[in-house]
Amino acid sequence: MLKRLAYCFATLFVLFSCTREQVEKKGEGTVSLHFFTDGMQATKAETTLTYAEMVADGSAIAYTGTGPYVLDLVILVFDSEGDLVTTFPDGHETGNPETFKRGTVVLEDDELKSFTRTEAEVNFTLPAGNYTVYAFANTAGWDGSKWRLTGQGESQSASDYLQNLTAQSAVDALTFQSLDGTPLRPHRSYMDDDDYTITCMPLSAKGSLEVVESGNGEVSMPLKRCVAKVTAIIKNQTGDALTLYDYQHVVHGMFPETGYLVQHNPDYADATPGNLTANPGFAVPIGVNASMPYSWYVFPSSAPGGTYTIDIQFTLDDLLPEEDRPQYSYTNLPITNWRAVSIPSLERNQHITVTTRVSLGLTVSFNFAVSEWVQYDEYVQFE
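Cut-offs applied
Residues numbered from 1 in each chain as written. Predicted model: local features only at pLDDT ≥ 70, side-chain atom pairs only at ≥ 80, totals over all residues. Heavy atoms only, no water. pLDDT = per-residue confidence, 0-100. Helix = DSSP H or I, 4+ residues; strand = E, 2+ residues; numbered from the N terminus. Contact = heavy atoms within 4.5 Å. Polar contact = N/O pair within 3.5 Å; in protein donor to acceptor, adjacent residues only side chain to side chain. Phe/Tyr/Trp six-rings, centres within 6.5 Å; stacked < 30°, edge-to-face > 60°. Buried < 20%, exposed > 50% of the residue type's maximum accessible area, 1.4 Å probe, protein only.

Notes on the confidence of the model for the chain
Averaged over all residues, the pLDDT of the chain is 77; the fraction at 70 or higher stands at 75%. The element-level mean pLDDT for the chain is lowest in strand S23 (residues 379–382), coming to 32, with helix H4 (residues 168–172) highest at 97. Scored below 50 in pLDDT, residues 90–111 shows 56 contacts in the model against residues more than four places distant or in partner chains. Across residues 374–383, confidence stays below pLDDT 50; counting only partners more than four residues off in sequence or on other chains, it has 34 contacts.

The structure is reproduced here in structure tokens:
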């Protein structure tokens, strides 16, 4: 009997030792994570924008310093159990990004291989297995009344906050702090910047990763804007200078107070979005054959009743008695695409443009356009 017990214990010890040895010797693989911004706005060419404008528009990854530079990129890698495995904090210093070419190795002994204005490549060596990768860019501007994350402390940077999240479920659930009724907007040359003027665009990416033993792989993921853009344009085609008074522009159901940081399906964090309103409160002069654009950034939303509608009103001459002034008022105009089909939702990375044309004889017409920022599919290659 004692011999049998001794034999059993010896067998268990051997099995345990083999199992432990197998775990310790579990193979690793090296993967190159390639992130890139999701294209320029369809109405602009990259050559027309400064680097600061590209960061504000979301077509560039922010970096700071005058050489060495610090790249504003946060990467979180979670295992198949949803636990944090490794991170890439911003703060890695490197050379002048203007001189980089894709594939150039900048720091051979570090994770960061290279970056340009629109791309970054980071290397990780990980145990064989399945992972989920998250990346966030331009985090330095997520503060104040702009892009602060829900739960982010008043004095805490978004980068530190993100890297302290150890569960994948917590990252997926992240939303932006609710706005107070004032939409965020791009810089306007005719207005001073304020707390709601955007100087950086939050970008996020999420993708799957499989690491095989002793393998080398590459994963490419687009960094997508977390918001959509809405632009109202008034074009003066009357042949004379034009001044608008009492101008007001309202889009119904297109102003959610909050949105998800990481893309969801469906991607709507606010079930009852409010109205998007422009009411400058001053006369709007528009030169001959000129136009006046006015833009906002909004979180993704679903149109109430399946259709967004718009109200536009303005007066053209305040020198005449009120009863004689040319007044224009249009209500409940459905926003449609070029096929005259209603737009049921507004997604991140989309851009809706509403153009109002005032032509000869003071006739008014409208045009709606829905354009996409350049879209890419996730690309995965492993050798």
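What to know about the side chain of Ser 32
The topology assignment puts Ser 32 in strand S1 (residues 28–37). Within the structure, the side chain of Ser 32 is placed 2.6 Å from the side chain of Glu 121, a separation counted as a polar contact.

Side note on the packing of aromatic side chains
Evaluated as defined, the whole model comprises 10 aromatic pairs. Ring geometry for Phe 314 versus Tyr 328: centroids 5.1 Å apart, planes at 20 degrees, classification stacked. Taken together, the positions of Phe 314 in strand S18 (residues 309–315) and Tyr 328 in strand S19 (residues 327–334) put the pair 14 residues apart, joining distant regions of the chain. For the pair formed by Phe 314 and Tyr 328, the shared burial category is buried. Look at Tyr 330 and Phe 366: their rings are 4.9 Å apart centre to centre, the planes differ by 75 degrees, and that puts the pair in the edge-to-face class. Residue Tyr 330 is found in strand S19, and its partner Phe 366 is found in strand S22 (residues 363–372); the two are separated by 36 residues along the sequence. Put simply, the rings of Trp 142, Trp 147, Phe 176 and Phe 299 pair up and form one aromatic cluster.

Let's talk about unusual backbone geometry
Residues other than glycine predominantly adopt negative phi, and peptide bonds predominantly adopt the trans conformation. Following Asn 265, the chain continues to Pro 266 via a peptide bond in cis, the omega torsion being 0 degrees. Counting through the fold element by element, Pro 266 comes out in the loop between strand S13 (242–255) and strand S14 (274–278). The phi dihedral of Asn 138 is positive, around 65 degrees, even though this residue is not glycine. Within the secondary structure, Asn 138 is located in the loop between strand S9 (129–137) and helix H3 (158–163). In this structure Asn 138 comes out as buried when scored by relative accessible area, which is 1%. Not every positive phi belongs to a glycine, and Asn 332 is a case in point at roughly 55 degrees. For Asn 332, the location among the structural elements is in strand S19.

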